[in-house]
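Take a look at the letters that make up each chain.
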Amino acid sequence: MRVPKFGAMPATSAGFRAARSPGIPTPPGLAQAEQISQAMSTFGQGVGALGEQMQVEVDEAEVQSAANKFDEYTRGVLDPMKGFRSKLGRDAKDGYEQAVQDLEGKRKEFGNTLQNARQRELYERYSNSRRDRTRSFLDNHAATQVRAYNIGEKKATVDGHAQDYVGLMTLPTPDDPAAAARLMQERRYALAELRQTTGDYADLQGQGPQERAQTVRNAERAAHAGVVQGLIAAGRYDEAEAMMRTGDDDAGIDYYM
């Protein structure tokens, strides 16, 4: 009977192998036991490898599921119709901090469903990257809208000072010298404020020196036109005509001072 060759015989002790005498056939029962042991060992190794591979795929599936949920949430955040990107001006300014907090909160919420360290590590690497990309879009949108909000508020300030100036310029000048002097001072102060706030408005828009000067000049012209219209509406036609003759430069205010 041919003796089977085994690379490893875990069911046979070293002492027993040493006790065998050369040339003596292995008993059939023993040979069968060794074959079964070897087969079981190989089978056990295969089962272990298969189990490990299955766990790898389970990990990947669980991580992908959590990542898909986070992806879907970030798409909603960036939706220009319903998400944070739909917020404009002050709404974007007021909603920015909450949007950032919610983004991180959802990232952690989906990660909390994972079951082991490997899954959590994989999810952390992916979700951190996705969060950072989403955050950059949030930051850019918020910055743009805050600037637009600031510009809008500054324009409202300019318009308010223009109204103040028109109101003061259309007030009749008192006969009392002291009262007339106070009104003159208020008019000059109103014009200075109009020029300053208009200059700030131009600066906020990034205008250069020449463009800035033109913006301030346009605001003055619009204010002087408002004064003329106010005088006409009040029936003070001679004063309106005199104001128009002075042009749209500082002589207009000097006429009243």
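Sequence order as written defines residue numbering, which begins from 1 separately in each chain. Given that the model is predicted, a residue must reach a pLDDT of at least 70 before its local features are reported, and side-chain atom pairs must reach 80 or more before they are shown or counted; all residues, however, enter totals for whole chains, interfaces and linings. As a rule here, side-chain values cover all heavy atoms of the structure and leave hydrogens and water aside.

S.K.: Before we move on, can you summarise the overall build of the protein chain with the specific residues and values?
M.R.: Each helix corresponds to a stretch of at least 4 residues labelled H or I by DSSP, and each strand to a stretch of at least 2 residues labelled E; elements are numbered beginning at the N terminus. Secondary structure assignment for the protein chain yields 8 helices and 0 strands. When the helices and strands of the protein chain are listed from N to C terminus, the series reads α-α-α-α-α-α-α-α. Relative accessibility thresholds used throughout: buried, under 20% of the residue-type maximum; exposed, over 50%; partly exposed, between the two (1.4 Å probe, protein chains only). Taking all 257 residues of the protein chain together, 30% fall into the buried category. Whether two residues touch is decided by their heavy atoms; if any such pair falls within 4.5 Å, the residues are in contact. Taking contacts inside the protein chain between residues at least 6 apart in sequence as the whole, the part at least 24 apart equals 67%. Shrake-Rupley sampling with a 1.4 Å probe provides the accessible areas, and residues are treated as covered by the protein chains on show and by no other component. For the protein chain, the exposed area adds up to about 16,100 Å²; of that, 54% sits on carbon and sulfur atoms.

S.K.: Lay out the nonpolar core with the relevant residues and their values.
M.R.: Tyr165, Met169, Leu194, Val227, Leu231 and Met243 are the most contacted members of the largest nonpolar core, which has 19 residues in total. Where this core is concerned, the elements lending two or more residues are helix H4 (117-169), helix H5 (177-204), helix H6 (209-233) and helix H7 (237-245). Of the residues forming this core, the biggest block, 7 residues, is contributed by H4. In this structure, Val63, Phe84, Leu114 and Ala142 belong to the second largest nonpolar core, which totals 16 residues. For our purposes a nonpolar core is just a set of buried Ala, Val, Leu, Ile, Met, Phe, Trp, Tyr and Cys residues, chained together by side-chain atoms within 4.5 Å.

S.K.: Talk me through helix H3 (residues 90-111); I want residue IDs and the actual numbers.
M.R.: Here, expected helix span is obtained from the residue count minus one, scaled by 1.5 Å. Between the first and last C-alpha of H3 there are 33 Å, a value that for 22 residues agrees with the 32 Å anticipated at 1.5 Å per step. Taken as a whole, H3 carries its principal kink of about 45 degrees at tyrosine 96. For H3, the set of buried residues is Ala92, Gly95, Tyr96, Ala99, Val100, Leu103, Arg107, Phe110 and Gly111. We define the bend at any residue as the angle between the axes fitted to the seven residues before and including it, ending there, and the seven starting there.

S.K.: Any details on the pattern of salt bridges? Residues and values, ideally.
M.R.: Whenever Lys or Arg places a side-chain nitrogen within 4 Å of a carboxyl oxygen from Asp or Glu, that contact is recorded as a salt bridge. In the structure shown here, the tally under the stated rule is 18 salt bridges. Between arginine 195 and glutamate 220 there is a salt bridge; the shortest N-O distance is 2.5 Å. Placement of arginine 195 in helix H5 and of glutamate 220 in helix H6 is noted, with a sequence separation of 25 residues between them. In this structure, a network of salt bridges that share partners links the residues Glu104, Arg107, Lys108, Glu124, Arg131 and Asp132.

S.K.: Explain H7 to me, and be specific about the residues and the numbers.
M.R.: If you check which residues of H7 are buried, you get Ala240, Ala242 and Met243. Down the axis of H7, the buried set is contained in an arc of 165 degrees. They therefore lie on one face. For H7, the exposed residues set more than 90 degrees away from the buried face come down to Tyr237, Asp238, Met244 and Arg245. Note: the arc covers the axis-to-C-beta directions of the helix.

S.K.: Talk me through the environment of alanine 213; I want residue IDs and the actual numbers.
M.R.: Take alanine 213: it is sitting in helix H6. On the accessibility criterion, alanine 213 (47% relative accessible area) is partly exposed. Put simply, alanine 213 and alanine 202 are 11 residues apart on the chain and 8.7 Å apart in space, counted from C-alpha to C-alpha.

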